Amino acid sequence: MNKILINIFIFFFLTINQVMSEENIMILKLKDGDVKIELFEDVAPNHVKRIKDLANSGKYDNVVFHRVIDGFMAQTGDVKFGNSSSSDFNLRMAGMGGSDLPDLKQEFNNLPHDRGTLSMARSQDPNSANSQFFICFKPAPFLDNQYTVFGKVIEGMEFVDKIKRGDENNNGAVTDPDKIISLKSL
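All values derive from a computational prediction rather than experimental measurement.

The rules behind each value
- Residues numbered from 1 in each chain as written.
- Predicted model: local features only at pLDDT ≥ 70, side-chain atom pairs only at ≥ 80, totals over all residues.
- Heavy atoms only, no water.
- Helix = DSSP H or I, 4+ residues; strand = E, 2+ residues; numbered from the N terminus.
- Buried < 20%, exposed > 50% of the residue type's maximum accessible area, 1.4 Å probe, protein only.
- Contact = heavy atoms within 4.5 Å.
- Areas by Shrake-Rupley, 256 points an atom, 1.4 Å probe, with all protein chains shown as cover.
- Salt bridge = Lys/Arg side-chain N within 4 Å of Asp/Glu carboxyl O.
- Patch = residues over 30% accessible without salt bridge, like charges linked within 9 Å, V, L, I, M, F, W, Y side chains within 5 Å.
- Lys, Arg positive; Asp, Glu negative; His and termini not counted.
- Charge placed at Lys NZ, Arg CZ, Asp CG, Glu CD.
- Pairing = 2+ DSSP bridges.
- Axes fitted to C-alpha atoms, helices over the stretch in contact; angles between N-to-C directions.
- Expected span 1.5 Å × (residues − 1).

**Q** Which residues make up the overall build of the protein, and what values do they have?
**A** A count of helices and strands for the protein gives three helices and eight strands. Ordered by position in the sequence, the α and β elements of the protein form the string α-β-β-α-β-β-β-β-β-α-β. Looking at the 186 residues of the protein, the share that counts as buried comes to 43%. Put simply, of all contacts in the protein between residues at least 6 apart along the chain, 67% involve residues at least 24 apart. Element-wise, carbon and sulfur atoms account for 54% of the exposed surface of the protein, whose accessible area totals about 10100 Å².

Listed below in structure tokens is the structure:
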């Protein structure tokens, strides 16, 4: 009888653990393939909640990568001006907008800006992150503890590497940019 209870407990624990871990996994669909992202709710709960809310309501679908700097990062997430299927789409304004939600207070943490890290974009004000984020192509330690790291690519970084790069002479601005096909929770 005790063995049965122990097996039931183990099964229950493994099932709950799997559900909890999948809760913080997202799939970013790009033109070249799917990217699996793990979100770090434990260190950036408000940023993770914002990303999930916007993603699961379809706000990131068709949003362009408006700033992509080779050897540094790919920035996206301007749901106001960067959505290529919206009447508000304006590539020259992409990067200046956000969502209708209030800006977030910073949740700086000790996670490094390594290759594949997702971090929130912001203005000079540390408490101005809203919807825009970037994915690092290479380690960027100069950003550590200054931007909120909220996730990391765990599969499919080769597809992120294929995102069209921007003009080096124009702060990475991209003409005819690639876009997020969709971003959803697993």
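**Q** Account for the pattern of salt bridges, naming residues and giving values.
**A** Applying the stated criterion across every chain, the model contains eight salt bridges. In this structure, the salt-bridge partner of K49 is D53, at a minimum N-O distance of 2.8 Å. Here D53 and K49 lie together in helix α2 (residues 45-56), a separation of four residues that amounts to about one turn. A relative accessible area of 38% places D53 in the partly exposed class. Between D61 and K184 there is a salt bridge; the shortest N-O distance is 3.1 Å. Of this pair, D61 sits in the loop between α2 and β3 (67-69) while K184 sits in strand β8 (residues 182-185), placing them 123 residues apart in sequence. For K184, a relative accessible area of 30% translates into the label partly exposed.

**Q** Any details on a negative patch on the surface? Residues and values, ideally.
**A** Side chains of E23, E38, E41 and D42 sit close together on the surface and give a patch of like negative charge. Structurally, E38 can be placed in strand β2 (residues 33-39). Given a relative accessible area of 33%, E38 falls into the partly exposed group.

**Q** Tell me about the sheet that holds strand β6 (residues 133-136), and name the residues and values.
**A** Neighbouring strands of a sheet are bound in pairs by backbone hydrogen bonds; such pairs are parallel or else antiparallel. Taken together, the eight strands give an open sheet; going across it, the order is β3-β4-β6-β5-β7-β2-β1-β8, and neighbouring strands pair in antiparallel fashion. Both outer strands of the open sheet, β3 and β8, are each paired with one neighbouring strand and no more. Each adjacent strand pair in this sheet contributes to an overall mean axis angle of 25 degrees, direction not counted. In the sheet, strand β4 (residues 73-76) pairs with β6 via four bridges, with the strands oriented antiparallel. Counted as the bridge partner of Q75 is F134 from β6. In the packing of α2 onto the sheet, the strands contacted are β1 (25-30), β2, β5 (117-120), β6, β7 (149-155) and β8, and the crossing angle to β8 comes to about 120 degrees.

**Q** Residue-level account of α2, with values.
**A** Taking 1.5 Å per residue as the helical rise, α2 with its 12 residues ought to reach 16 Å, and the 16 Å between its terminal C-alpha atoms agrees with that figure. Listed in full, the buried residues belonging to α2 are H47, V48, R50, I51, K52, L54 and A55. Where α2 is buried, its residues contact β1, β2, β5, β6, β7 and β8. Of the residues trailing α2, G58 is marked for its positive phi of about 80 degrees.

**Q** Run through the pairing of β7, naming residues and quoting values.
**A** For β2 and β7, the ladder comprises four bridges, and the chain directions are antiparallel. Across the sheet, residue K36 finds its bridge partner in β7, namely E155. For β5 and β7, the ladder comprises three bridges, and the chain directions are antiparallel. Pairing of T117 across the sheet is with K152, part of β7.

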